[in-house]
Protein chains: 2
Amino acid sequence: MKGNMQDWAPNVADIIEHASQQFPKREVISKTQSGELHRTNFRRVCARAKKLASALERDGYKKGDILGTLALNGYRHLEIYYGISGMGCITHTLNFRLHPDQAVYIINHAQDKVIFCELAFVTILEAIQDKLPFLEKVIILCGQEELPKTPLKNIISYEQYIELGDVDYKWPKMQQNDACALCYTSGTTGDPKGVLYSHSSQVIHAKAGSFALELSGRDSMLIVVPMFHVCAWGLPYIAPMLGSKLVFPGMHMDGRSLFDLIDKEQVTLAFGVPTVWMQLLNYCRENKKTLSCVNKTVVGGAALSLPILKEFEEKHNVTVIHAWGMTEMSPVGTTNLETTEMSTMTKDKKYAIKLKQGKPCYGVQLKIVSDTGVELPRDGIARGHLMVRGPWILERYFKETKKAVDSLGWFDTGDIATLDEDGYMTIVDRAKDVVKSGGEWISSIDLENAAYEHPDIIEACVVGVPHSKWDERPLLFVVLKAGKSIEKQEIKEFLSLKVAKWWIPDDIIFVEELPHGATGKLQKFGLRREYSNHYSC
Amino acid sequence: MKGNMQDWAPNVADIIEHASQQFPKREVISKTQSGELHRTNFRRVCARAKKLASALERDGYKKGDILGTLALNGYRHLEIYYGISGMGCITHTLNFRLHPDQAVYIINHAQDKVIFCELAFVTILEAIQDKLPFLEKVIILCGQEELPKTPLKNIISYEQYIELGDVDYKWPKMQQNDACALCYTSGTTGDPKGVLYSHSSQVIHAKAGSFALELSGRDSMLIVVPMFHVCAWGLPYIAPMLGSKLVFPGMHMDGRSLFDLIDKEQVTLAFGVPTVWMQLLNYCRENKKTLSCVNKTVVGGAALSLPILKEFEEKHNVTVIHAWGMTEMSPVGTTNLETTEMSTMTKDKKYAIKLKQGKPCYGVQLKIVSDTGVELPRDGIARGHLMVRGPWILERYFKETKKAVDSLGWFDTGDIATLDEDGYMTIVDRAKDVVKSGGEWISSIDLENAAYEHPDIIEACVVGVPHSKWDERPLLFVVLKAGKSIEKQEIKEFLSLKVAKWWIPDDIIFVEELPHGATGKLQKFGLRREYSNHYSC
């Protein structure tokens, strides 16, 4: 028997329409390239998104066309999210830090017909436009009078493009699972892969994210996490859903700029990756400032470290929420919220729990399995391949015919993790990075974290290198602080205080710098290849 | 183009399974008939729900069968919610305050095959069992040794029924829109009508409700609103979704019992209707007690009044959230959350806003229309028929072939309301209760509220009575405090200080009591019929 409730095939534009009606005056603040603050609100964002949607429609773009963005976090990017997807096209956010070859690959793979390009990124497109056969038009995010001199063809300013758009445009109804947005994984090996989100999955994810992160319409949210990366964790949908104020830093991501923006716009909640928070905390420490208006910060994209956690909570009285997810998961998978139990714990015990990746929010299911696919116990000890399932997790990569999930719908995250009796998930390592030594697993992340505790080490990287006796053994690369020098043996002795003896790397290599990908993640595959014979010579 | 994310057809049992894994030890407290507290947790609730589901399956009950509950708020009722719906049958909650004829009508209309009956309600079934041809079995909510002597046929105790159930039962996968739960409207006119919720609508509603009411896993929730009534506003789904502690008062709803329970279980959040809160507040006032652990209370089911709002906020420092909805809406439609703006308002201004019904949570769309269906402005002044649309709003009543919504999916709530520029909705009156005088509308609710302010009046009721010149004119019924007597003229003069002159009722009738329906609402239709010639004689 079927229920008698209404069918539901949402259009994400319903969200900005909702905000325009329910929270018309809630502000959207953007730091522009010049450093000035641009102020708008949800009513105006919605009106301009409608103008854009109608302009695109009039221009002949149709449901299913893919249109790219090469843009910073700001109000125009927000309007574009809704304008493109709301009229039925697909918003494809491009990472402006990509290598040009990767950008060409991705733009052509997606067959982007239009790219909305930030003024600051015009040179990126200039260099590759000849290699983009599908690209028909470049809409530059500025007024007509600000258009730069550029060899780019078929350009128009955003403001001119939307000028004659229709502010009374009616958003079309969507069908179930109509595509909405496209994002490519950073791809440390092989070609980048696309994840094609639907309107439904974006809406369901946003609703889940709002309670998995305990967000509220009273929040003033600083969105440091880039809008090109997994739709900024869904926040451009969540904030208008709840009526939260949005604060976009644009390109001004240094500690001082962030602090000033937080202070001026009374930010209560900030979202970002650990490296950005380190800069902010450094600035506060050096200038004896306190983040007095901030209540919470959400840290994701890389594991939270104890020093950052402690500094936020103890020096700034800011509650830290550790979150984990991935592009394939829209991205929110687990969050580590404050619990009733934590209020009576010792700090050390509480911090130990808060460093875990957290619990899955309702809608996401997790399990860990052995190499042969057998489910492992949720005892906090067994380490296995982390498998996920749920409505905002991909089924297949874009343009792939083969499913990315098994017959029961489980997606292999590529992570090795533990699950404990209280429901907490802890990432042990990436499956491809874990060092398989004598049938046991050594976590490269744990070893790196141990090395980081040495005062002279500023960066560390562990890879597994083939070994005749043990299959693999760890090899440690370290970057030392300027002017410092230490012996390998000293590092080994330091590590032996932190980890099991058989984990100690057989060798240590000092390097000037380590390779990072476009989203800042360590890229280990090159090192692994280059040093594959290191233990067999 | 379709998105590439996973399909999703939830089973509500996923929620209790989630809670069992993520919040296994979170408590579920139930006050039993004897007054003692029963303590269990989500892991045990889930295990027992599985035993029930497997017992029902073994007993031959199949997907789509409708099984009734005649039960109080407590842990067994919670297990039954999941046990019945989770295995594919439909949970039909029965109001134990119904007139026996209505109960017979509803049970037979639904064709309930089983009724799960509270020990205290066995006599209700005894009186009507002979008129229930579809009823196969009565499962009494007690241990086998507690079974009462009763002429009821085919009875078994709940504990015996689930004893041999399978704790490792696997919840079946549901198909999109499979039916989950059934609830009948109280029906002040005509036969009660059923609303058949689906698994998807219940899950979507619960997720929306959790952020529309700003609920958290740290909350200890007192569920005063009955589980027979619109699934207790979705709270039996929301709490395990978030990991919130649940506190059920059973039949102990007087002020003292509620206060003691709140205090003992450190309730932070309480849900209920105004009449129950009045008893609690009276108790606190008379005994000089303060609700120190409570942060928030959600008031719905009837309009919030200023005295209750003020007493909660000023005497007890409890934030009041006014909520509005209906059985046809699962039920949450609008909520009135604290906003950033309220923090700088005068108390009077803030209270004036908080007495409104609130803003629709994302997913619910509202509009107001004239008698001829023309949409009216959102200016806070225009009054129109309130129309709603969304995924947890019904499309048709149970067993009806005709849709209950118009061609665009709008459902007429039967209420007259205003919408303002900031998105707030205010209920003016029920459409059938509004008094149509000379082409203008007089709100019976506003008139009643004005009468309530007279110190000698304890209840008031206004109906529109046919009138030769004005179409209708208001007629006021009042119940005076014991031992008091006032003149009609005095009441009219009192009212003239509060409302427009042309609103003053042409006549006033003193009565000993007023008629109420099973859910406590005033039943005006009888009065309207009885007095239909009052102004034309």
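The rules we used
Residues numbered from 1 in each chain as written. Chains lettered and ligands numbered in written order. Predicted model: local features only at pLDDT ≥ 70, side-chain atom pairs only at ≥ 80, totals over all residues. Heavy atoms only, no water. Contact = heavy atoms within 4.5 Å. Buried area = accessible area lost by both parts, 1.4 Å probe. Salt bridge = Lys/Arg side-chain N within 4 Å of Asp/Glu carboxyl O. Polar contact = N/O pair within 3.5 Å; in protein donor to acceptor, adjacent residues only side chain to side chain. Helix = DSSP H or I, 4+ residues; strand = E, 2+ residues; numbered from the N terminus. Buried < 20%, exposed > 50% of the residue type's maximum accessible area, 1.4 Å probe, protein only. Least-squares fit on C-alpha atoms with pLDDT ≥ 70 in both. pLDDT = per-residue confidence, 0-100. Pairing = 2+ DSSP bridges. Axes fitted to C-alpha atoms, helices over the stretch in contact; angles between N-to-C directions. Core = buried A, V, L, I, M, F, W, Y, C linked by side-chain atoms within 4.5 Å.

**Digging into the interface of chain B and chain A**
Right, so step 1: Each partner contributes to the interface: chain B provides 72 residues, whereas chain A provides 71 residues.
Right, so step 2: Summing both partners gives a buried area of about 5800 Å² for chain B against chain A, and 51% of it is carried by carbon and sulfur.
Right, so step 3: When residues of chain B are sorted by the area they lose upon contact with chain A, M5, Q6 and Y362 of chain B head the list and together hold 17% of the total.
Right, so step 4: Joining chain B to chain A, the criterion identifies eight salt bridges.
Right, so step 5: Notably, a salt bridge pairs E214 of chain B with R218 of chain A, separated by 3.0 Å at the nearest N-O pair.
Right, so step 6: For the pair chain B and chain A, the interface holds 38 residue pairs in polar contact (both at pLDDT 80 or more).

**A few points about the side chain of H252 of chain A**
Residues and elements named next belong to chain A.
Right, so step 1: Mapping H252 onto the fold places it in the loop between β11 (245-248) and α10 (255-264).
Right, so step 2: Judged by its relative accessible area of 16%, H252 is buried.
Right, so step 3: From its side chain, H252 meets the backbone oxygen of T32 in a polar contact 2.8 Å long.
Right, so step 4: Once residues lying within four places of it in the same chain are set aside, the contact partners of H252 are K31, T32, Q33, G35, S257 and L258.

**Points about the relation of the copies chain B and chain A**
One copy of the chain maps onto the other through a rotation about an axis plus a displacement along that axis.
Right, so step 1: Each copy of the sequence occupies a distinct position, and chain B is placed on chain A by a rotation of 180° and an axial shift of 0.0 Å, giving an RMSD of 0.1 Å. On this basis, the relationship between the two copies can be described by a two-fold rotation axis. Closest approach to the rotation axis among the C-alpha atoms of chain B is made by F211 of chain B, whose C-alpha sits 3.0 Å away.
Right, so step 2: With an isologous cut-off of 70% or more, the 99% of interface residues of chain B that recur at the interface of chain A puts this contact in the isologous class.

**A look at the confidence of the model for chain A**
Right, so step 1: Summary statistics for chain A give a mean pLDDT of 94 and a share of 99% for residues scoring 70 or more.
Right, so step 2: For this predicted complex, the interface confidence comes out at an ipTM of 0.90, alongside a pTM of 0.91.

**With respect to the side chain of H322 of chain A**
Residue and element names in this part refer to chain A.
Right, so step 1: By the element assignment, H322 lies in strand β14 (residues 319-325).
Right, so step 2: Here the side chain of H322 touches K356 through a polar contact of 2.9 Å, landing on its backbone oxygen.
Right, so step 3: Here H322 is in contact with V299, A302, A303, L304, T334, T335, N336, K354, L355, K356 and Q357, once residues within four sequence places are set aside.

**Concerning the sheet that holds strand β19 (residues 411-419) of chain B**
Residues and elements named next belong to chain B.
Right, so step 1: Pairing in this open sheet of four strands is antiparallel, and the strands run β17-β18-β19-β20 from one edge to the other. The strands lining the two open edges of the sheet, one partner per strand, are β17 (365-369) and β20 (425-430). Each strand of the sheet is rotated relative to its neighbour by a mean of 50°, with strand direction disregarded.

**Some thoughts on the pattern of salt bridges**
Right, so step 1: Per the stated rule, a full pass over the model turns up 68 salt bridges over all chains.
Right, so step 2: One salt bridge connects D422 of chain B with K25 of chain A, and the closest N-O pair in it is separated by 2.9 Å. Residue D422 of chain B is found in the loop between β19 and β20, and its partner K25 of chain A is found in the loop between α1 (13-22) and β1 (27-31); the two belong to separate chains.
Right, so step 3: For K50 of chain B, the salt bridge identified is with E17 of chain B, shortest N-O distance 3.2 Å. Here E17 of chain B lies in helix α1 (residues 13-22) and K50 of chain B lies in helix α2 (residues 42-58), a separation of 33 residues in the sequence.
Right, so step 4: Owing to a relative accessible area of 12%, K50 of chain B belongs among the buried residues under this scheme.
Right, so step 5: One continuous salt-bridge network, built from bridges that share partners, spans E27, R39, K245, K264 and E265 of chain A.

**Let's talk about the pairing of strand β8 (residues 179-184) of chain A**
Residues and elements named next belong to chain A.
Right, so step 1: Among the six residues of β8, six are classified as buried, and the element is accordingly described as predominantly covered.
Right, so step 2: Note that strand β4 (residues 90-93) and β8 share two bridges and pair parallel. In the sheet register, H92 faces β8, and the bridge partner there is L182.
Right, so step 3: Bridge count for β8 against strand β9 (residues 194-198) is five bridges, and the pairing is antiparallel.

**Let's talk about the nonpolar core**
A general trend in soluble globular proteins is that nonpolar side chains are found buried together.
Right, so step 1: Core analysis: the biggest nonpolar cluster contains 191 residues, and F116, Y237 and F271 of chain A together with F116, Y237 and F271 of chain B have the highest contact counts within it.
Right, so step 2: Setting aside residues no more than four positions away along its own chain, F116 of chain B makes contact with L52, L56, L67, G68, T69, L70, I80, I84, I139, L141 and Y158 of chain B.

**As for the sheet that holds strand β10 (residues 220-223) of chain B**
Two modes of strand pairing occur in sheets, parallel and antiparallel, and in both the strands are linked by backbone hydrogen bonds.
All names here are of chain B.
Right, so step 1: One open sheet holds the nine strands; their spatial order is β2-β1-β11-β10-β12-β13-β14-β15-β16, and the pairing between them is mixed. At either margin of the open sheet sits one strand with a lone partner, and together these are β2 (37-41) and β16 (359-360).
Right, so step 2: As defined by bridge partners, β10 adjoins strand β12 (residues 269-272) across three bridges and the pair is classed as parallel. By the bridge assignment for β12, L222 is matched with A270.

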